[in-house]
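What follows is the residue order along each chain.
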Amino acid sequence: MIALVATVDGTFAVDLEDGTVLSADSFDPAPEPVLNLPRLVSAASLGSTVAAVVATKPPLLLSHDAGATWRAAGRGLPPGRAVAIAEDDPDTMLFAARNRLYLSRDGGVFWTAVAGDLPEIRHLAL
């Protein structure tokens, strides 16, 4: 799976399996869902699954009912900048800290750092 990552130094394509980083064409980030959450940094949604990066600890809130209820996720993750959900699998999520990516394939329960640091991250797409 390839992630597109917009940074302050340009856009990169990151292979989430082996961490390979290549330069890529810029992209327009997906529109963020409108959420009434305090300290909201960024958000992504796919169907009824919504992920919200917030300026708190833990830095992620997840909803599986279109935002009616939320649960905290991402304990141990650093402060976040962006989040993305895979279009074909809402259990696959990508979380961006300042210059590092973290991948979850189980709906945000466990997170794994993707190899390699990047310039300061602005937006993500899967």
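Predicted model, so just to flag it, every value in this text is computed and none were measured. (Residues numbered from 1 in each chain as written. Predicted model: local features only at pLDDT ≥ 70, side-chain atom pairs only at ≥ 80, totals over all residues. Heavy atoms only, no water.)

Caption draft 1: Spatial organisation of the overall build of the protein. When helices and strands are tallied, the protein shows zero helices and twelve strands. Starting at the N terminus and walking to the C terminus, you meet the elements of the protein as β-β-β-β-β-β-β-β-β-β-β-β. The C-alpha atoms of the protein give a radius of gyration of 13 Å, which matches the 14 Å a tight globule of 126 residues would have. Principal axes of the C-alpha set define a box for the protein whose edges measure 40 × 25 × 25 Å. Going through the 126 residues of the protein one by one, you find that 43% of them count as buried. Relative to all contacts within the protein whose residues are 6 or more apart in sequence, the contacts with residues 24 or more apart total 37%. Carbon and sulfur atoms make up 51% of the accessible area of the protein, which totals about 6600 Å². (Helix = DSSP H or I, 4+ residues; strand = E, 2+ residues; numbered from the N terminus. Rg over C-alpha atoms; globule rule 2.2 N^0.38 Å. Buried < 20%, exposed > 50% of the residue type's maximum accessible area, 1.4 Å probe, protein only. Contact = heavy atoms within 4.5 Å. Areas by Shrake-Rupley, 256 points an atom, 1.4 Å probe, with all protein chains shown as cover.)

Caption draft 2: Just the environment of Phe27, in detail. Assignment of secondary structure puts Phe27 in the loop between strand S3 (21-24) and strand S4 (40-46). In this structure Phe27 comes out as buried when scored by relative accessible area, which is 17%. Put simply, Phe27 and Val5 are 22 residues apart on the chain and 8.8 Å apart in space, counted from C-alpha to C-alpha. Those residues in contact with Phe27 that sit more than four places away from it in its chain are Leu4, Val5, Ala6, Thr11, His123, Leu124 and Ala125.

Caption draft 3: Expanded view of the sheet that holds S4. One open sheet accounts for four strands, arranged S4-S5-S6-S7; its pairing is antiparallel. Each edge of the sheet is formed by a strand with only one pairing partner; in this case those strands are S4 and strand S7 (71-73). Going across the sheet, the axis of each strand differs from the next one's by a mean of 25°, ignoring polarity. For strand S5 (residues 49-54) and strand S6 (residues 60-63), the ladder comprises four bridges, and the chain directions are antiparallel. Bridge pairing in S6 places Val50 opposite Ser63. (Pairing = 2+ DSSP bridges. Axes fitted to C-alpha atoms, helices over the stretch in contact; angles between N-to-C directions.)

Caption draft 4: Seen up close, the pattern of salt bridges. Overall, the coordinates contain four salt bridges when judged by the stated rule. Between Glu120 and Arg81 there is a salt bridge; the shortest N-O distance is 2.9 Å. Here the residue Glu120 occupies a position in the loop between strand S11 (112-113) and strand S12 (121-125), and Arg81 occupies one in the loop between S7 and strand S8 (82-86), the gap between them amounting to 39 residues. Relative accessible area serves as the criterion here: at 22%, Glu120 is assigned to the partly exposed category. For Glu120, the salt bridge goes to Arg122, with nearest N and O atoms at 3.1 Å. One salt-bridge network, held together by shared partners, links Arg81, Glu120 and Arg122. (Salt bridge = Lys/Arg side-chain N within 4 Å of Asp/Glu carboxyl O.)

Caption draft 5: Geometry of the side chain of Thr11. Relative to the helices and strands, Thr11 is located in strand S2 (residues 10-15). Setting aside residues up to four positions removed in sequence, Thr11 forms contacts with Val5, Ala6, Leu22, Ser23, Ala24, Asp25, Ser26 and Phe27.

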